[in-house]
Amino acid sequence: MQYFLMAAFCWMLVEGIYLYLFVVKVYNINTKMHMYHVMSWGLPLVMVAISLCIAAGKEGIKSYTSDKLCWMSSENNLIWIFVTFVITIEVINLVILVRVIKEMTSMQPTGDKQSQQIRIGIRACVVMIPLLGVTWLFGLLSPLHKAFSYIFNILNSTQGFLIFVLHCLRNSQIRERFKRKVNTIVPSTNSGNSTKKSSQINPSDVGDMWVAELQSCNEFELNEKPST
């Protein structure tokens with residue numbers, strides 16, 4: 001459980017790094033995925049090995065887990081290895097989130113672009129919070145008040161569903177590919193009508209993904225700048 005939770009947080013960190021390089025640095029890092037695989041699956045393995053070695057050196061390997069719960073023991077302070085790991089990643093992702101939102105809203109608004117940028121900033125915040133696992137911060141605050149525990153359980157129980165809705169169902173490209181896949185399996189008799197409909201662009205679908213909107217704003221800003 002510790003290994004897979006840490007691996008999940010590592011992938012959240014990878015997503016944060018990807019967003020930072022894509023939005024702020026404008027890099028294409030698709031060729032570096034092998035490095036992120038090694039980090040996301042290898043680093044948690046090292047952390048779990050360190051936890052097991054500390055437990056074995058202190059009170060034996062059985063002291064690694066709690067007697068009452070199927071989780072790490074809090075009596076020998078091993079739980080702080082996991083907590084420190086989570087806090088570090090969450091702080092990094094939170095800084096990245098603020099930096100990305102600042103980058104998106106720092107463009108000079110002209111005309112109706114101001115309302116568009118505000119809409120992009122709000123949508124990016126809503127989309128990236130579950131993706132980067134920022135809601136786990138409520139879990140760290142749960143010892144302070146019971147309300148944080150309720151918020152933590154509600155938000156994190158729907159994290160996967162929110163990612164599916166915000167990054168799959170609302171992605172026009174994924175919907176279009178899914179339709180093409182269905183059409184290859186079950187050919188439609190109204191293929192001519194479906195082709196005609198698919199060629200028509202729905203403005204609401206174009207604005208589904210905040211990244212596409214960000215790219216359009218960047219292009220607009222570059223075109224507006226006078227050539228030197």
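Residues numbered from 1 in each chain as written. Predicted model: local features only at pLDDT ≥ 70, side-chain atom pairs only at ≥ 80, totals over all residues. Heavy atoms only, no water.

### Description of the packing of aromatic side chains
As a reminder, the rule being used: Ring pairs are drawn from Phe, Tyr and Trp, using the six-membered ring of Trp, whenever the two centres fall within 6.5 Å, and their geometry is named by plane angle: stacked under 30 degrees, edge-to-face over 60, tilted for the rest. Burial classes: relative accessible area under 20% of the type maximum marks a residue as buried, over 50% as exposed, and values in between as partly exposed (1.4 Å probe, protein chains only). In this description a helix means any DSSP run of H or I spanning at least four residues, a strand means any run of E spanning at least two, and both kinds are numbered starting from the N terminus.
Taken as a whole and assessed by the stated rule, the structure comprises seven aromatic pairs. Judged by centre distance (5.2 Å) and plane angle (75 degrees), the ring pair of Tyr 3 and Phe 4 falls under edge-to-face. Assessed through its relative accessible area of 22%, Tyr 3 is described here as partly exposed. For Phe 4, a relative accessible area of 59% translates into the label exposed. Here Phe 9 and Trp 136 contribute two aromatic rings whose centre-to-centre distance is 4.8 Å and whose plane-to-plane angle is 70 degrees, an arrangement assigned as edge-to-face. Of this pair, Phe 9 sits in helix 1 (residues 2–24) while Trp 136 sits in the loop between helix 4 (113–132) and helix 5 (137–141), and the two are 127 residues apart along the sequence. Owing to a relative accessible area of 1%, Phe 9 belongs among the buried residues under this scheme. Pairwise contacts between aromatic rings join Phe 9, Trp 71, Phe 82, Trp 136 and Phe 152 into one cluster.

### A few points about the side chain of Ser 51
For clarity, the cut-off: Throughout, a residue-residue contact means that at least one pair of heavy atoms, one from each residue, lies within 4.5 Å.
Residue position: Ser 51 is located in helix 2 (residues 33–58). Setting aside anything within four residues of it in sequence, one finds Ser 51 in contact with Gln 2, Tyr 64, Met 72, Leu 78 and Ile 81.

### What to know about the environment of Tyr 36
Along the polypeptide, Tyr 36 turns up in helix 2. In the structure, Tyr 36 is positioned 18 residues away from Tyr 18 in sequence and 10.0 Å away in space, judged by C-alpha atoms.

### A look at the side chain of Asn 93
Stated formally: By the criterion applied in these results, polar contacts are pairs of N or O atoms within 3.5 Å in which, for protein atoms, one can donate a hydrogen and the other can accept it, and in which residues neighboring in sequence qualify only through two side-chain atoms.
Position of Asn 93 relative to the elements: it lies in helix 3 (residues 79–105). Residue class for Asn 93 comes out buried when judged on its relative accessible area of 0%. At 3.4 Å, the side chain of Asn 93 forms a polar contact with the backbone oxygen of Met 12. Sequence-distant contacts of Asn 93, defined by excluding residues within four places in its chain, comprise Met 12, Leu 13, Gly 16 and Leu 132.

### Concerning the confidence of the model for the protein chain
Applied cut-off: For every residue, the predictor reports its confidence as pLDDT, a number between 0 and 100.
Looking at the protein chain as a whole, the pLDDT averages 75, with 73% of positions reaching at least 70. Confidence, read as mean pLDDT per element, is least for helix 10 (residues 203–206) in the protein chain (38) and greatest for helix 2 (89). Here residues 193–210 scores under 50 on pLDDT; set against residues more than four positions off or in separate chains, the count is 24 contacts.

### Re the nonpolar core
Heads up, the condition is: Buried residues of nine kinds, namely Ala, Val, Leu, Ile, Met, Phe, Trp, Tyr and Cys, make up a nonpolar core once their side-chain atoms join them within 4.5 Å.
Of all hydrophobic cores here, the largest spans 20 residues; its most connected members are Met 6, Phe 9, Tyr 64, Met 72, Leu 78, Phe 82 and Phe 85. Looking at this core, the elements with two or more residues in it are helix 1, helix 2 and helix 3. Apart from residues lying up to four places away in sequence, Met 72 is in contact with Gln 2, Ser 51, Tyr 64, Thr 65, Ser 66, Leu 78, Ile 79 and Phe 82. Ranked by size, the runner-up nonpolar core spans 12 residues in total, among them Val 100, Ile 101, Met 128 and Val 134.

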